[in-house]
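A look at the structure
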Amino acid sequence: DVKVTQSSRYLVKRTGEKVFLECVQDMDHENMFWYRQDPGLGLRLIYFSYDVKMKEKGDIPEGYSVSREKKERFSLILESASTNQTSMYLCASSFGGYGGYTFGSGTRLTVV
Amino acid sequence: GIQVEQSPPDLILQEGANSTLRCNFSDSVNNLQWFHQNPWGQLINLFYIPSGTKQNGRLSATTVATERYSLLYISSSQTTDSGVYFCAVISGGSYIPTFGRGTSLIVHP
């Protein structure tokens, strides 16, 4: 089975801190994605990447950046964390154009 | 873009009951998946089912692509089935899925 691993399950950070959320997949998937999930708003796409060093903005990229230096790793960066970035962050990967998605276990980030 | 509607939005069952969750979509799809989000927040893939019928234990799914809907059946429900069930589709030339709003299921002992 494909495994998608997110580095932290729970994270508490202070306003203004630089925050790194890491995601690693072990099945050589081309595509990787970062979502955030908030009550009543469903899953919203932040950024995605279809190849190493390639990235595309999703629906809500403001306040975030990403890095994909290696195929298996996709990092989400909050340059200066704010309280409105308190959320559940979910990473996913998929193979090819229409391949099935696999999600990581999620990171609950609280910014205080 | 494609629209995905799930019904019902909320469902409460007694342990042992059966249920059917529905996902309607507005255009042809290349991929359709059902996910279960457990109370800890993890999204677990249940079925990859752009068409046809699949079964896995007490769960089964059917997608009728020509009529643009998919059904998820849960039989003999257990408390561990509680959580939110999402349908996600990929259509057209995109490989970004569109998610439904989910069905929240609570199974009481």
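A brief look at the structure comes next. Just so we're clear, the structure is a prediction, and the values are computed from it rather than from any experiment.

Scoring rules and cut-offs
Residues numbered from 1 in each chain as written. Chains lettered and ligands numbered in written order. Predicted model: local features only at pLDDT ≥ 70, side-chain atom pairs only at ≥ 80, totals over all residues. Heavy atoms only, no water. Contact = heavy atoms within 4.5 Å. Buried area = accessible area lost by both parts, 1.4 Å probe. Salt bridge = Lys/Arg side-chain N within 4 Å of Asp/Glu carboxyl O. Polar contact = N/O pair within 3.5 Å; in protein donor to acceptor, adjacent residues only side chain to side chain. 1 Å grid on protein atoms, 1.4 Å probe; cavity = no way out; pocket = protein on both sides within 12 Å on 5 of 7 lines; lining within 4 Å. Points joined across faces, edges and corners; volume = space filled by probe spheres on them. Helix = DSSP H or I, 4+ residues; strand = E, 2+ residues; numbered from the N terminus. Nonpolar A, V, L, I, M, F, W, Y, C, P; charged D, E, K, R; others polar.

What follows is about the interface of chain B and chain A. Opposite the 22 residues of chain B that make contact, chain A presents 23 residues. Around 1,700 Å² of area is buried between chain B and chain A when both sides are counted, 57% of it from carbon and sulfur atoms. Contact with chain A buries surface across chain B, with L43, Y95 and I96 of chain B losing the most and accounting together for 31% of the total. On the surface where chain B and chain A come into contact, there are zero salt bridges. Between the two partners, chain B and chain A, sit four residue pairs in polar contact (both at pLDDT 80 or more).

Turning to the layout of surface pockets, a few remarks are in order. The volume enclosed by the largest pocket comes to roughly 490 Å³. Looking at the largest pocket, it is lined by 24 residues, and the ones nearest its centre are Q37 and P39 of chain A together with Q37, V84 and F86 of chain B. For the lining of the largest pocket, the elements supplying multiple residues, two or more each, are β4 (31-38), β9 (87-94) and β11 (107-111) of chain A together with β9 (83-90) and β11 (103-108) of chain B. With three residues, β9 of chain B is the largest single contributor of residues to the lining of the largest pocket. Residue composition of the lining of the largest pocket, by class: eight nonpolar, twelve polar and four charged. Forming the boundary of the second largest pocket are 14 residues, of which L43, R44 and D59 of chain A together with T98 and F99 of chain B lie nearest the centre. Of all elements in the fold, only β5 (42-49) of chain A together with β10 (98-99) of chain B reach the threshold of two or more residues within the lining of the second largest pocket. The element contributing the most residues to the lining of the second largest pocket is β5 of chain A, with four residues. For the lining of the second largest pocket, the per-class residue count stands at eight nonpolar, three polar and three charged.

These values are about where atoms sit, not about what they do.
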